[in-house]
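Each chain, written out:
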Amino acid sequence: MTPPPRRPVVLIAEELSPATVEALGPDFEIRYCNGADRAELLSAITDVDAILVRSATKVDAEALAAAARLKVVARAGVGLDNVDVRAATQSGVMVVNAPTSNIVSAAELAIALLLAAARHVSPAHASLRNGEWKRSKFTGIELFEKTVGIVGLGRIGVLVAQRLAAFGMNLIAYDPYVQAGRAAQMGVRLVDLDTLLAESDFISVHLPKTPETIGLIGADELAKAKPNAVLVNAARGGIVDETALFSALKEGRIAAAGVDVYAKEPCTDSPLFELENVVATPHLGASTDEAQEKAGIAVARSVRLALSGELVPDAVNVQGGVIAEDVRPGIPLTEKLGRIFTALAGEVAQQIDVEVRGEITEYDVKVLELAALKGVFTDVVEDPVTYVNAPLLAAERGTAVRLVAEAESPDHRNLITIRGTLADGSQVSVGGTLIGLAQRERLVCVNDFPVDLEPTDHLAFFTYADRPGMVGTVGRILGEANVNIAGMQVSRDSKGGHALVALSVDSAIPAEALAEIEQAIDATTLRAVDLA
């Protein structure tokens, strides 16, 4: 008698909602282990097809190497700090998460902190438990007709704005990647950060944590805020400088704060905890029964799709589904082009055209439009960008997107170009191709300047008035900064016109060196791109 076919094995490494197992259904063999116990994890993962984790299980290169049959790592939540996505990709293992599972919970916690700080709920509660009745000491402030400044108008920021509008608040926001018209549709006035700080009675932070946003609100920024302002950070630790916040609160330069996230976590000894005008929680943004259930159900569905070979919308690294083999190598290139495009633009474009030319247009290349948008928004939003939420992110920001596919490609067998129109009418473009049997990635044009450069982890682009000596100047400054040049291309639109230097370097260029180059060559534009 022929034995029954082997059922795929799904390992649940942490406690998940019972709805997770229900969503997986009867087609899998379900096993359990304590993912926080390293030895137990490495033993249990050897022959499984998928593993479901939360935040305590570390799925790193060692675990992936031990998992000979592993096809999917599913994180029942948003953050992927405990999953080595790069190692998983190199191993051909799909990583999925639940990017929208906690957005309501996170928004509601931000509002809870805002209200608690405004009404001194935490110290009043502690006082009453100590047998004290001090009503006058804890006089608070109303939200009605006050101005709230939302720093970051992404999905969570939008939910916070919608809810605070019901309190009768005036809504302003700072987000360089949102179109003013889109914000206006939500009743939000876009302003710069200085204006937001100066006008806001309440400030709520909802930005992603990136090199640009770390320390965004420090001592200088807090000095611009009203002395009666209440600041809430339920986004990511490090965006608000905790030392500067402590000083501003202790000295009465701002009135109160609500904090859920910290630069280093777990955090149990912050000076902020000593202050009565601070309400603090231990990173509870996603800690609701509903968020955990949504996360479990979402990743269970993704695991079912992945193990059946179907398109997985929430895959963060490996795209599933039926994609022509000739198209597939262009996906990572297109994502990189999208990230370079965003760095060159410095804002979200009003219109983006994803132009695909050449032989691959014989196939369905819709996935390349999705890959471009995934790259465009990867460094714009905090949550992982996927093939399903990328078009939504574009729509939320008022960006029109068009796929242009043409069989004719005069200079390359296949060419992928991302071209966008910015708010001031200017255009940004970047194009790339794959060359040789190894399908090596190459940048071939940047803002219509022809180049030939490998898109390595660290890139930089400078434009300036064409004149002698500038290349040597750039090389000297980078040498003094101990930055090694891996590749360099110089292109110009005409002799004595505008010139572009495109660089690939072995390490990130320090900000001081970039500033020195900008001044030394009188650069009209200067952009550094980190794809690591």
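Residues numbered from 1 in each chain as written. Predicted model: local features only at pLDDT ≥ 70, side-chain atom pairs only at ≥ 80, totals over all residues. Heavy atoms only, no water.

**Q** I tried to follow the sheet that holds strand β15 (residues 414-421) on my own but got confused; where do I start?
**A** Strand pairing in a sheet takes place through backbone hydrogen bonds and is either antiparallel or parallel in direction. Taken together, the 6 strands give an open sheet; going across it, the order is β14-β13-β15-β16-β17-β18, and neighbouring strands pair in mixed fashion. With partners counted over all chains shown, the strands left at the sheet margins are β14 (400-406) and β18 (449-453), one partner each. Mean inter-strand twist for the sheet, computed between neighbouring axes without regard to direction, equals 20 degrees. Note: strand β13 (residues 351-358) against β15, 8 bridges, orientation antiparallel. Its bridge partner lying in β15, R357 is registered against L415. With respect to the sheet, helix α13 (residues 330-345) is in contact with β13, β15, β16 (427-435) and β17 (440-446), its orientation differing from that of β16 by roughly 155 degrees. (Pairing = 2+ DSSP bridges. Helix = DSSP H or I, 4+ residues; strand = E, 2+ residues; numbered from the N terminus. Axes fitted to C-alpha atoms, helices over the stretch in contact; angles between N-to-C directions. Contact = heavy atoms within 4.5 Å.)

**Q** Just checking my understanding: could you explain the environment of A88 for this structure?
**A** Topologically, A88 is positioned in helix α4 (residues 85-90). Spatially, the C-alpha atom of A88 lies 9.4 Å from that of A65, the residues being 23 residues apart in sequence. Those residues in contact with A88 that sit more than four places away from it in its chain are L64, V93, V95 and N317.

**Q** Could you clarify how one ought to interpret unusual backbone geometry in this entry?
**A** A negative phi holds for most residues other than glycine; trans holds for most peptide bonds. The residue after E265, namely P266, is reached through a cis peptide bond having omega 0 degrees. Among the structural elements, P266 can be located in the loop between β11 (256-259) and β12 (278-280). Positioned with a positive phi, H283 is a non-glycine residue whose angle comes to about 50 degrees. Mapped onto the secondary structure, H283 falls in the loop between β12 and α12 (289-307). The phi torsion at N482 lies on the positive side, around 60 degrees, for a residue other than glycine.

**Q** When you look at the packing of aromatic side chains in this model, what are you seeing that I'm missing?
**A** The relation between two aromatic rings is expressed through the spacing of the ring centres and the mutual angle of the planes. In total, this model carries 1 aromatic pair according to the counting rule given. Here Y262 and F273 contribute two aromatic rings whose centre-to-centre distance is 5.7 Å and whose plane-to-plane angle is 85 degrees, an arrangement assigned as edge-to-face. Placement of Y262 in the loop between β11 and β12 and of F273 in the loop between β11 and β12 is noted, with a sequence separation of 11 residues between them. On the basis of relative accessible area, Y262 is assigned to the buried category, the value being 5%. F273 gets classed as partly exposed once you look at its relative accessible area, which sits at 34%. (Phe/Tyr/Trp six-rings, centres within 6.5 Å; stacked < 30°, edge-to-face > 60°. Buried < 20%, exposed > 50% of the residue type's maximum accessible area, 1.4 Å probe, protein only.)

**Q** Even after reading the chapter, I still don't get the pairing of strand β10 (residues 230-233), so can you show me in this structure?
**A** Side-chain positions along a regular strand alternate between the two faces of the sheet. Where burial is concerned, the two faces of β10 agree: the one with V230 and V232 and the one with L231 and N233 are both buried. Of the pairings in the sheet, the one linking strand β9 (residues 202-205) to β10 comprises 4 bridges and is parallel in character. Residue pairing in the sheet places S204 in a bridge with V232 of β10. Here β10 pairs with β11 via 4 bridges, running parallel. If you follow L231 over to β11, its bridge partner there is A257. In this fold, the crossover linking β10 to β11 by way of helix α11 (residues 242-250) has right-handed handedness. (Right-handed = clockwise from strand over helix to strand, strands pointing away.)

Keep in mind these values describe shape, not function.
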